[in-house]
Amino acid sequence: MPMIARLTTTRLIRAGLLVLALGVAGCTESTLEVSGGSSGNANAPLSQRVVQTMITKSMARGAPIIARVFKEENKVEIWKQKTNGRYDLLASYEICKMSGKLGPKYIEGDRQSPEGFYTVRPGQMNPNSKYHLAFNIGYPNAYDRAHGRTGSNLMVHGACSSSGCFSMNNSQMTEIYAIARESFKGGQTEFQIQSFPFRMTAANMARYRDDPNYAFWKNLKEGYDYFEITKTPPKVDVCEKRYVFNAAAPGASLSPSGACPAVTQPDSLKMAYQSYQSGYEAAFASAVGSRDALAPKPTILGIQEAKVVSEWTKKRARGERVPIEPPAMTATGSVVQTTSRMGRIDSPAGRKMAALEAAQAEKKRLAEEKAEAKRLAEEQKAAAKAAQIAAAEAAKNPPPPEPVVEATVPVEKPGFLGRVGKRITNIFGS
């Protein structure tokens with residue numbers, strides 16, 4: 001291959017291997033690979049900070065926990081049971097990286113992190129994750145399945161890289177993992193993860209009151225409120241494709257897609273909830289009229305936008321060149337690209353596609369050069385043939401000879417002096 005062609009191919013391959021800015025090493029939602037891992041990470045002791053907080057707040061080392069996630073505030077909170085049975089905040093962590101927008105996860109590849117109530121059991125803990133440490137949050141749950149939502153391997157993990165998961169830095173994940181490990185050792189069989197779009201205060205609910213996800217968020221808020229009131233994890237069920245909390249249905253079973261049976265709650269809980277709601281409604285009405293409210297953050301506009309992003313994810317996974325940020329959808333339903341920069345994932349599929357496209361580009365270049373050379377040769381051949389025909393025609397029909405014109409010498413007429421001289425000659429002789 002000529003040197004110029006080799007350089008062109010090299011540049012094409014390098015250009016094709018631009019790495020996408022988001023999600024390169026994060027949750028793939030197809031499989032969370034495991035490497036050799038390090039059991040030392042999973043067996044790291046509780047930090048002194050956490051141990052001291054447990055002592056200060058009367059929490060046993062092996063007492064149960066729950067986790068709460070607030071996407072807009074970018075927080076993961078770990079709450080732990082105290083000796084009085086109520087839960088208190090043990091630790092709070094900044095989420096290192098999280099993709100998607102506010103709103104639930106709809107389908108595989110939409111890059112959304114889930115919202116709802118999930119359960120983590122010991123078998124969902126992964127001490128050998130290639131992302132340092134991880135645990136599967138249990139998506140899809142009964143609510144998600146009732147709504148036909150899809151996705152897999154949604155994690156809380158380390159390595160600070162994510163495409164649909166909640167990613168922490170490694171030191172944070174080591175601490176969270178150790179806290180959960182100690183609770184399982186203490187006898188907890190599962191812990192609850194409550195994932196919310198934001199802290200479900202009256203002010204925040206008022207900000208998002210016109211959002212297409214609002215009805216779903218109001219349903220989540222019921223569970224949020226029960227925890228705020230009781231400081232204990234609510235009992236969570238699903239019927240009529242919605243969450244129900246702290247409900248007892250004697251002699252009946254709750255079907256996620258079926259009708260909700262008659263349910264009961266303790267009178268004390270119902271009264272506490274009603275009192276809480278009265279205060280909330282007054283605060284909500286006040287917040288609606290507030291001029292100081294923050295602007296809402298972008299939210300996913302339902303299944304149609306999820307499908308658009310999922311298609312982008314599929315192209316990216318195949319190694320195709322795509323915009324480095326996923327597309328978005330406007331309120332009118334039109335799809336917009338959030339960036340003009342293009343790239344492809346740095347993966348075996350991406351490298352294979354880059355090499356294939358480079359080879360195709362080189363093949364096209366060589367074909368174009370060959371076609372151009374052929375065109376020039378044909379033009380030269382046609383010109384030579386035209387010249388040959390012209391010469392032959394000229395030989396058959398030579399032009400007539402041009403007439404010969406004899407040159408004449410003009411005779412000068414004598415002037416006045418000449419005529420006088422001639423007369424003198426004639427009189428006296430020469």
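Refer to the structure above for everything that follows.
The rules behind these values
- Residues numbered from 1 in each chain as written.
- Predicted model: local features only at pLDDT ≥ 70, side-chain atom pairs only at ≥ 80, totals over all residues.
- Heavy atoms only, no water.
- Phe/Tyr/Trp six-rings, centres within 6.5 Å; stacked < 30°, edge-to-face > 60°.
- Helix = DSSP H or I, 4+ residues; strand = E, 2+ residues; numbered from the N terminus.
- Buried < 20%, exposed > 50% of the residue type's maximum accessible area, 1.4 Å probe, protein only.
- Lys NZ or Arg CZ within 6 Å of the ring centre and 35° of its normal.
- Pairing = 2+ DSSP bridges.
- Axes fitted to C-alpha atoms, helices over the stretch in contact; angles between N-to-C directions.
- Contact = heavy atoms within 4.5 Å.
- Disulfide = S-S within 2.5 Å.

**Side note on the packing of aromatic side chains**
Then, in step 1: Under the definition given, this model contains 18 aromatic pairs.
Then, in step 2: Ring geometry for Phe 135 against Phe 191: centres 5.6 Å apart, planes inclined by 80°, an arrangement best described as edge-to-face. Taken together, the residues span a long stretch of sequence, with Phe 135 in strand 6 (residues 134–136) and Phe 191 in strand 9 (residues 191–196) at a distance of 56 residues.
Then, in step 3: For Phe 191, a relative accessible area of 3% gives the class buried.
Then, in step 4: Seen in terms of ring centroids, Phe 198 and Trp 217 are 5.2 Å apart; in terms of plane orientation they differ by 75°. Their pairing is edge-to-face. With a gap of 19 residues between them, Phe 198 in the loop between strand 9 and helix 6 (202–207) and Trp 217 in helix 7 (residues 214–230) connect regions that are remote in the sequence. For the residue pair Phe 198 and Trp 217, the accessibility class agrees, reading buried in each case.
Then, in step 5: Following the ring pairs from residue to residue traces out a cluster consisting of Phe 70, Phe 117, Tyr 143, Phe 196, Phe 216, Tyr 224, Tyr 226, Tyr 243, Phe 245 and Tyr 273.
Then, in step 6: A cation sits over an aromatic face here: Arg 68 above Trp 79, 5.6 Å from the ring centre.
Then, in step 7: In this structure, Arg 199 is placed above the aromatic ring of Phe 70, and the distance from its NZ or CZ to the ring centre is 4.2 Å.

**Comments concerning the sheet that holds strand 2 (residues 75–81)**
Then, in step 1: Taken together, 5 strands build an open sheet; the order of strands is 3-2-1-9-4 and the sheet is mixed. For this open sheet the edge positions go to strand 3 (87–94) and strand 4 (116–120), each flanked by a neighbour on one side alone. Put simply, the sheet's adjacent strands are angled 20° from each other on average, direction ignored.
Then, in step 2: Here strand 1 (residues 65–70) runs beside strand 9; their pairing, made up of 5 bridges, is parallel. Bridge assignment links Val 69 to a residue of strand 9, and that residue is Ser 195.
Then, in step 3: Across the sheet, helix 3 (residues 48–56) lies against strand 2 and strand 3, angled at about 160° from strand 3, the strand it touches most.
Then, in step 4: Across the sheet, helix 7 is in contact with strand 1, strand 2, strand 3, strand 4 and strand 9; its angle to strand 1 comes to roughly 130°.

**Let's talk about unusual backbone geometry**
Then, in step 1: With an omega of 0°, the peptide bond between Tyr 139 and Pro 140 qualifies as cis.
Then, in step 2: Relative to the helices and strands, Pro 140 resides in the loop between strand 6 and helix 4 (142–146).
Then, in step 3: A positive phi angle, near 65°, is found at Asn 74, a position not held by glycine.
Then, in step 4: Residue placement: Asn 74 occurs in the loop between strand 1 and strand 2.
Then, in step 5: Unusually for a residue other than glycine, Asn 246 sits at a positive phi of about 50°.
Then, in step 6: Its place among the elements puts Asn 246 in the loop between strand 11 (242–245) and helix 8 (267–288).

**Details of the state of the cysteines**
Disulfides are covalent bonds that link the sulfur atoms of two cysteine residues.
Then, in step 1: Within this structure, the stated rule accounts for 2 disulfides.
Then, in step 2: There is a disulfide in this structure between Cys 239 and Cys 260, and the S-S distance comes to 1.8 Å. Linking Cys 239 and Cys 260, the disulfide has an S-S dihedral of approximately 100° and is accordingly described as right-handed. Of the two residues, Cys 239 sits in strand 10 (residues 236–239) while Cys 260 sits in the loop between strand 11 and helix 8, which places them 21 residues apart along the sequence.
Then, in step 3: On the basis of relative accessibility, which here comes to 1%, the residue Cys 239 falls in the buried class.

These figures capture arrangement, not role.
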